[in-house]
Amino acid sequence: MKNYDIIVVGGGHSGIEASLAGARMGLSVLLITFTSDKIGYMSCNPAVGGVGKGQLVKEIDALGGEMAKATDSTGIQFRVLNSSKGPAVWSSRVQVDRKRYALYIQEVIKRERNIEIIEGEVTDFLVEDNKVKGVELDGEIISGKSVILAPGTFLNGTIYIGMEIISGGRIEETKASQKLSDCLRRHGFEMLRFKTGTCARLDGKTINFNKLKPQYGDEPPTPFSFSTEKIEVQQVPCYITYTNEETHRIIKENLNRSPLFTGMITGTGVRYCPSLEDKIVKFPHHTKHHIFLEPEGLDTDTYYPNGISTSLPVDVQERFIHTIEGLEDVKIERYGYGIEHDVVEPRQLYPTLETKKIEGLFLAGQINGTTGYEEAAAQGLIAGINASLKVKDQPPFILDRASAYIGVLIDDLTTKGTNEPYRMFTSRVEYRMILREDNADLRLRENGYKLGLVSRDEWEKTLHKKGKIEELIQRLKREKITVEDGKITLFEYLIKPGISIKSLIPVNEYPEDVMKEAEIEIKYSPYVKQMLSEIKEFRNLERIRIPEDIDYNKIPGLSLEIREKLSSFKPLTLGQASRISGITPAAVSVLFVHLKKFS
């Protein structure tokens, strides 16, 4: 019987990053998936990034993950969202070639000599003395020192198209991990049921583009990965159209045939990305809704109509789609559907994404209650890193809320939990002026290098960039300019609204990215000073570790309810304890005094 360091269950975006992280950290990895040619497949829209999500992808890249590189190699439209606003909310979003993206990922996985791929269904995981020992794959026992479950929507997945019900994780793969879900329940995990969905797919040859408004990408396109110098892929436009009152009328008349409104679907849906029928019911005053027609690739005519996710019956989809301008004669290649799947309540995890119940068992992606490729990939990377460190008997890697969007994502999940599919937004991030997309490499690349996920060459490039930025900022602090009130430094002058660094420094003296980064740092410097003070206070609480064997029942001054919450949750730091729902500032103070007394 072969033994692996890490067994990864699931070949979606979380499983990919987990497998690559483990392999690149020098460990043997077994990746188990239902179908190997679906590794890296995009089940929903063919795009990476977006508001809050783009920051995650940049951070994944800075730490040595693959998603941004895959996007740059297969991206067919690049846009920086919120570019008219401040840099703190700039978010990259890229349309990708769906087929080429999956092929790119599969090739990268196959090149990693430490990764072995097996097709099949994991029906159980083996546990001895509360430690994971491996998995059962189609009746065969496979040993592993750690196991990462990343099953996506396949965990007890159920597909709905009108009143039709199909077992599966997506329409192309009608299989579901029912036994794995049963196994988690058997081991005492609290489970939730969430719902998501997708749109129909349309034949572009039958779309009347003459009626539609094109939406072009940025020119030149800005790469996603810090390692990419230039985008070489052909760029294409998306198109914009809208639903109308006739569309809405047809949907309203058929709500009695919607699994969402007849009680068939009981799972909680994605509030920030609702189905079309949900939008029409919840926002009856809106007479139209945006639809973005997104090309699925350069070698296909298929389009993804982003904005009309639905689980209505096939005949209703036919009727309402044909009322939309430009789609009057469109051929529908595949119909939209809703999907329910099981979720493990994420407060049962440590910030490493290891489960509290079973040592060595890690969970990543939609199993933890998130929605989106980017959130899944971020969790997969962290789970892969920490599973590797555990096998190596090294300290865990934890990003806190002041370090990264990834830190906010995982802290939200593991401390606050979620009662609906979790999606990353800039508004969730307290320190977003510091945790920007543009400086993810400066913040995190050193971590990736020390973990063995970033090459020496890439780390030295980042060090050089850091040095040039600091050199430029110091120069601006030395050199002065005459203004009405006298002389001030160029640094002080650049803080003023409407002043550009390119008006002060010749553009050929420093690289473009160095000029841009220095300007952002200087523009934000008055606000960053205050934020750094807040971060210092935050980190003071995060540094106070709570012993794993602490007995809260022996701490006087804590109520019975708070003792039960802390005992159940098992926070690792005083900071994490302070963010648990129901833990009062007074209780934190009592705990602080107790920890100081016995430290």
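Residues numbered from 1 in each chain as written. Predicted model: local features only at pLDDT ≥ 70, side-chain atom pairs only at ≥ 80, totals over all residues. Heavy atoms only, no water.

Draft legend 1. Just the overall build of the chain, in detail. Counting secondary structure elements, the chain contains 17 helices and 22 strands. The C-alpha radius of gyration computed for the chain amounts to 25 Å, which stays within 12% of the reference 25 Å derived for 599 residues, consistent with globular compactness. For the C-alpha atoms alone, the extent of the chain along its principal axes is close to 70 × 65 × 50 Å. The buried share of the chain, reckoned over its 599 residues, is 59%. (Helix = DSSP H or I, 4+ residues; strand = E, 2+ residues; numbered from the N terminus. Rg over C-alpha atoms; globule rule 2.2 N^0.38 Å. Buried < 20%, exposed > 50% of the residue type's maximum accessible area, 1.4 Å probe, protein only.)

Draft legend 2. Fine view of helix α14 (residues 512–542). Taking 1.5 Å as the rise per residue, α14 with 31 residues should run 45 Å; its terminal C-alpha atoms sit only 37 Å apart, a clear shortfall. The sharpest bend along α14 reaches about 70° and sits at S525, with the proline P526 one to four residues further on. (Expected span 1.5 Å × (residues − 1). Bend = angle between axes of the 7 residues up to and from the residue.)

Draft legend 3. Structural detail: the sheet that holds strand β14 (residues 213–215). Ordered by their spatial adjacency, six strands build an open sheet running β14-β15-β16-β17-β13-β18, and the pairing between neighbours is antiparallel. One side of each edge strand has no neighbouring strand; the edge strands of this open sheet are β14 and β18 (332–334). Adjacent strand axes in the sheet meet at a mean angle of 35° when their direction is disregarded. Both strand β15 (residues 238–242) and strand β16 (residues 290–295) contribute to a ladder of four bridges, which runs antiparallel. Looking at β16, one finds that T241 is bridged to I291. (Pairing = 2+ DSSP bridges. Axes fitted to C-alpha atoms, helices over the stretch in contact; angles between N-to-C directions.)

Draft legend 4. Spotlight on the sheet that holds strand β12 (residues 191–198). With antiparallel pairing, four strands are arranged side by side in an open sheet as β11-β10-β19-β12. Both edges of this open sheet fall to β11 (164–167) and β12, since each of them pairs with a single strand only. Averaged over all pairs of adjacent strands, the angle between strand axes in this sheet comes to 25°, irrespective of strand direction. Bridging between strand β10 (residues 158–161) and strand β19 (residues 337–344) involves three bridges; their strand directions are antiparallel. Note that in β19 the partner of I159 across the bridge is I339.

Draft legend 5. Structural view of the packing of helix α1 (residues 13–24) against helix α4 (residues 98–111). α4 packs onto α1 with a crossing angle of 25° between their chain directions and a minimal axis gap of 11 Å. The pairing of α1 with α4 is recorded here as roughly parallel in orientation. At the point where α1 passes α4, the crossing takes the left-handed sense. Seen from α1, the contacting residues are H13, I16, L20 and R24; seen from α4, they are Y101, I105, V108 and I109. Among the residues making up the contact of α1 with α4, the classes are represented as six nonpolar, one polar and one charged. (Parallel < 35°, antiparallel > 145°, perpendicular 65-115°, else oblique. Left-handed = near helix turned anticlockwise from the far one by under 90°. Contact = heavy atoms within 4.5 Å. Nonpolar A, V, L, I, M, F, W, Y, C, P; charged D, E, K, R; others polar.)

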